[in-house]
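Letter by letter, the chains look like this.
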Amino acid sequence: MGLLDQISRTIAQSVDRARFEAEKFQRTTRLQSEVNELRRQVDSKLNELGQRAYELLRAGQIQSATLAELSAAVDQLRSALVMKEEELKQAQAEVYVEPPAPAPPPPSQSVPIDYGPPPASTPTVKQCGVCGFQMPGTAMFCPNCGTRVT
Ligand SMILES: [Zn+2]
């Protein structure tokens with residue numbers, strides 16, 4: 001058998017395998033959903049049966065300790081359910097309450113605060129004692145007459 005024959009046979013086999021897997025997936029998916037549906041119907045009928053047994057027990061037409069126990073448990077759960085529903089209703093009716101506005105700051109004190117004497121500031125302008133020329137406070141000599149100023 002030639003190489004090409006081998007290759008085409010391998011391809012044909014993998015196509016068959018893919019088709020098989022696809023069909024298997026479809027089949028199992030369908031069966032799984034049928035199983036789920038039957039389980040749901042069984043649960044539904046059991047639920048009906050339980051309700052009927054509950055009613056007969058309450059009516060005194062069934063005597064069974066086990067059923068009486070289950071029935072009491074159902075009553076307890078129903079009671080808890082009613083309370084919880086009431087709690088839910090109250091929680092749903094709650095409305096947001098604005099928190100009270102913060103208290104305004106106390107009025108500023110009218111008593112003057114003594115900060116002490118203002119800091120001595122160096123004059124930004126000074127005057128020559130000889131010629132009266134005004135110069136920057138940082139000058140050491142009068143630019144007009146050359147007198148040393150301090
Ligand atoms: Zn001067």
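So, here is what we can say about the structure in this document. The shown structure was predicted, so the numbers you read here are calculated from the model rather than taken from an experiment. (Residues numbered from 1 in each chain as written. Predicted model: local features only at pLDDT ≥ 70, side-chain atom pairs only at ≥ 80, totals over all residues. Heavy atoms only, no water.)

1. Examining the coordination of the zinc ion
Filter applied, for reference: Each metal site is built from N, O and S donor atoms within 2.8 Å (3.2 Å for Na, K and Ca), and since water is not included, such sites may look incomplete. In this text, helices come from DSSP runs of H or I with a minimum length of four residues, and strands from runs of E with a minimum of two, each type numbered from the N-terminal end. The rule is simple: take the accessible area with a 1.4 Å probe, protein chains only, and divide by the maximum for that residue type; under 20% is buried, over 50% is exposed, in between is partly exposed.
Within the protein, the zinc ion binds to Cys128 (SG), Cys131 (SG), Cys142 (SG) and Cys145 (SG); these donor distances fall in the range 2.2 to 2.5 Å. Linear spacing of the donor residues for the zinc ion on their chain is C-x2-C-x10-C-x2-C. Placement of cysteine 128 in the loop between strand S1 (125–127) and strand S2 (134–136) and of cysteine 142 in the segment after S2 is noted, with a sequence separation of 14 residues between them. Taking relative accessible area as the criterion, cysteine 128 reaches 3% and is therefore assigned buried.

2. A word on the environment of cysteine 131
The criterion, for reference: Two residues form a contact once any of their heavy atoms are found within 4.5 Å.
Summarising the element assignment, cysteine 131 is placed in the loop between S1 and S2. What makes cysteine 131 partly exposed here is its relative accessible area of 33%. A C-alpha to C-alpha distance of 8.8 Å links cysteine 131 and threonine 147, two positions 16 residues apart in sequence. Among all residues touching cysteine 131, those that are not within four sequence positions of it are Cys142, Asn144 and Cys145.

3. Here we look at helix H1 (residues 3–58)
What sets the pattern is the α-helix's 3.6 residues per turn: residues three or four places apart point alike. Cut-off, in case you're wondering: Expected helix span is taken as 1.5 Å per residue step, with the number of steps being one fewer than the number of residues.
Here H1 contains 56 residues, and its C-alpha end-to-end distance of 82 Å stays within 8% of the 82 Å for a straight helix at 1.5 Å per residue. Taken residue by residue, H1 has Ala53, Tyr54, Leu56 and Leu57 as its buried positions. The inward-facing, buried residues of H1 abut helix H2 (65–93). Among the residues trailing H1, glycine 60 stands out with phi positive, at a value near 75°.

4. Regarding the pattern of salt bridges
Test applied: Take a side-chain nitrogen of Lys or Arg and a carboxyl oxygen of Asp or Glu: if they are within 4 Å of each other, that pair is a salt bridge.
Using the criterion set out here, one finds eight salt bridges in the structure. For glutamate 34, the salt bridge identified is with arginine 30, shortest N-O distance 3.8 Å. Of this pair, glutamate 34 and arginine 30 both sit in helix H1, separated by four residues, roughly a single helical turn. A relative accessible area of 41% means that glutamate 34 is categorised as partly exposed.

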